[in-house]
Structure formats: C-alpha cells, structure tokens
Amino acid sequence: MKKQGGKQRLKTHNPYRYQSQTVTHYWGKKVEYYKEARTKRMEALTEQAKSINQNMLNEWEICKSEKRPNEAWENVFHKYQPAFNTNTGEFIAEYLVANNIAQRGKPLHCSTAIKKMNKSYKKDTRRFMMYFYQRYIIDCKITDLSFPETSEKNLAYFLHHKYGVLLLNGSAYDLCQKKVEKYSAYGDFYKKELQHYQNLLKKFYVADTKTR
C-alpha cells in the first residue's frame, strides 16, 4: 500500500500481468512466479489450441488402427498443421505487443526482439518456451510485404494486420533484396518500386540477417 497525494492507494493484482508455473526440482515441487503480460485474446487462443489438439488426437484414435499407421499420422498431422500455425502466429503476435517487445505502428527488428527476450527471461524457468518464440520470429516466412488475405496467416501477417508492425527478419531481408534485383533490371520504369525496397533495406540491422 502506498501513499499518493496524502491518500493511501491500494495495490491491486492484475491477473493478466503476473503468471506462475509449478517447477519440479530434485527436492520437490515449487510454484514460481514470473512477470509476463497476457491478454484475454491470448487466453482464448490457448483454449483454441487445446481444442485443435484434442480434435487431432480424436481423429488419430480412429486412424491409428489402419495398415499404415505412420502414414495415417502424417495425414492427420498435416491436416491440422495450418490451424496450429495460424493459432501460434496470432498468439505470439499478441504476446510481443502485450509485453512491449513490439510496438504498434513501428517495425520490429528480429535482433531487437531476441535481445529483449533474452534480457527479460535471463533467469526465467520458461527459457525453453522463449527459445520457441524466438525461433518462430527468426524462421517466420515472408513472401509479400502487403500481406494479402491469400498469404499464410503467420506471425508477420498478424503483426502487420492487427498492429501495423512490420517484422524485419532474414526472410523479409531476402525478399527486399530480390525485389531490388528485379526492379533494377527494368531501369527507370519501376523507379518508385525500386526506391521503396531500397529504403526498406536501409531499415534492417546487420544482426537481423545473422540470426538465421
């Protein structure tokens, strides 16, 4: 409880700001708390992921008795993989914005995101999950910076459409380079497009292309 302007201000607990997990040590289990913002949308996406996983397992239960179980599993997995990818992409986009790693309307440098996450979770027992998030940021495929509805609904897609954030990772860098090479071959005819991608290339840090 703190005083503010001569009055006492009650300290409130925000359930979407502080999280906990049970960690098993050699001497027993312990509940450890960590600072991480979560949104109601993240909670909904978590439940959605559980539902997708359960549907996949239910379908596998029906198919696993077939003559070729490995092939059946691959078919079931590939059927649900797009839904998992979409769910994960939106979840991580929500996480990055909620935890101030990505800022609305500003580009997100891959290298900057990695540094912020390493600093915040240096002593965190959830380092494996942070590594998963980081790999998703690094490996996110970008094929069109306008992100049309027909493009893959991945992390870069949701960052762009929901928060106006452009993810600057190795894939985006390669795309910009290819566009510069393409429009350079046409001379002044595509001068505007060429300049656009040349300017985008200037926004990348050297470290953004070395995380791959």
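Just above sits the structure.
A.B. asks: Is there a simple way to explain the overall build of the protein in this structure?
C.D. replies: For the protein, the helix and strand inventory stands at eight helices and six strands. Secondary structure elements in the protein, listed N-terminal to C-terminal, are β-β-β-β-α-α-β-α-α-α-β-α-α-α. Scored against the burial criterion, the 212 residues of the protein give a buried share of 37%. Within the protein, residue pairs in contact and separated by at least 24 positions form 58% of the contacts whose partners lie at least 6 positions apart. Working note: accessible area of the protein is about 14300 Å², and carbon and sulfur atoms make up 51% of it.

A.B. asks: Any chance you could explain the packing of helix α3 (residues 110–120) against helix α4 (residues 127–139) here in plain terms?
C.D. replies: The relative placement of two packed helices is expressed as an angle between their axes plus a distance between the axes. For the pair α3 and α4, the least separation of the axes is 10 Å and the interaxial angle reads 175°. Considering their axes alone, α3 and α4 lie roughly antiparallel with respect to each other. Contacts between α3 and α4 pair C110, A113, I114, M117 and N118 from the former with M130, Y133, Q134, I137 and I138 from the latter. Taken together, the residues that form the contact of α3 with α4 break down as eight nonpolar, two polar and no charged.

A.B. asks: Which parts of the structure should I look at to understand α4?
C.D. replies: The end-to-end C-alpha separation of α4 is 18 Å, in line with the 18 Å expected for 13 residues at 1.5 Å each. By the burial criterion, the buried members of α4 are M130, Y133, Q134, Y136, I137 and I138. If you follow the buried residues of α4, they end up packed against α2 (69–98), α3, α5 (155–163) and β6 (167–168).

A.B. asks: Can you walk me through the pattern of salt bridges in this structure?
C.D. replies: Where charged atoms from two side chains of opposite charge approach closely, those side chains can pair. For the structure shown, the criterion picks out seven salt bridges. Across the salt bridge formed by E43 and R38, the nearest N and O atoms sit 3.0 Å from each other. On the accessibility criterion, E43 (30% relative accessible area) is partly exposed. In this structure, E94 and K162 form a salt bridge, with 2.6 Å as the shortest nitrogen-oxygen distance.

A.B. asks: Looking at this structure, I do not really get the packing of aromatic side chains. What am I missing?
C.D. replies: The description of an aromatic ring pair uses the distance of the two centres, along with the angle that the planes make with each other. Applying the stated criterion to the full structure yields twelve aromatic pairs. Relative to W73, the ring of W60 lies with its centre 5.5 Å away and its plane at 70°, an arrangement referred to as edge-to-face. Of this pair, W60 sits in helix α1 (residues 40–63) while W73 sits in helix α2, and the two are 13 residues apart along the sequence. When the centroid spacing of 6.4 Å and the interplanar angle of 55° are considered together, the rings of F91 and Y133 count as tilted. Placement of the pair is F91 in helix α2 and Y133 in helix α4, with a sequence separation of 42 residues. Residue class for F91 comes out buried when judged on its relative accessible area of 11%. Over the ring of Y157 we find K153; its NZ or CZ atom is 5.0 Å from the centre of that ring.

What counts, and at which threshold
Residues numbered from 1 in each chain as written. Predicted model: local features only at pLDDT ≥ 70, side-chain atom pairs only at ≥ 80, totals over all residues. Heavy atoms only, no water. Helix = DSSP H or I, 4+ residues; strand = E, 2+ residues; numbered from the N terminus. Buried < 20%, exposed > 50% of the residue type's maximum accessible area, 1.4 Å probe, protein only. Contact = heavy atoms within 4.5 Å. Areas by Shrake-Rupley, 256 points an atom, 1.4 Å probe, with all protein chains shown as cover. Axes fitted to C-alpha atoms, helices over the stretch in contact; angles between N-to-C directions. Parallel < 35°, antiparallel > 145°, perpendicular 65-115°, else oblique. Nonpolar A, V, L, I, M, F, W, Y, C, P; charged D, E, K, R; others polar. Expected span 1.5 Å × (residues − 1). Salt bridge = Lys/Arg side-chain N within 4 Å of Asp/Glu carboxyl O. Phe/Tyr/Trp six-rings, centres within 6.5 Å; stacked < 30°, edge-to-face > 60°. Lys NZ or Arg CZ within 6 Å of the ring centre and 35° of its normal.

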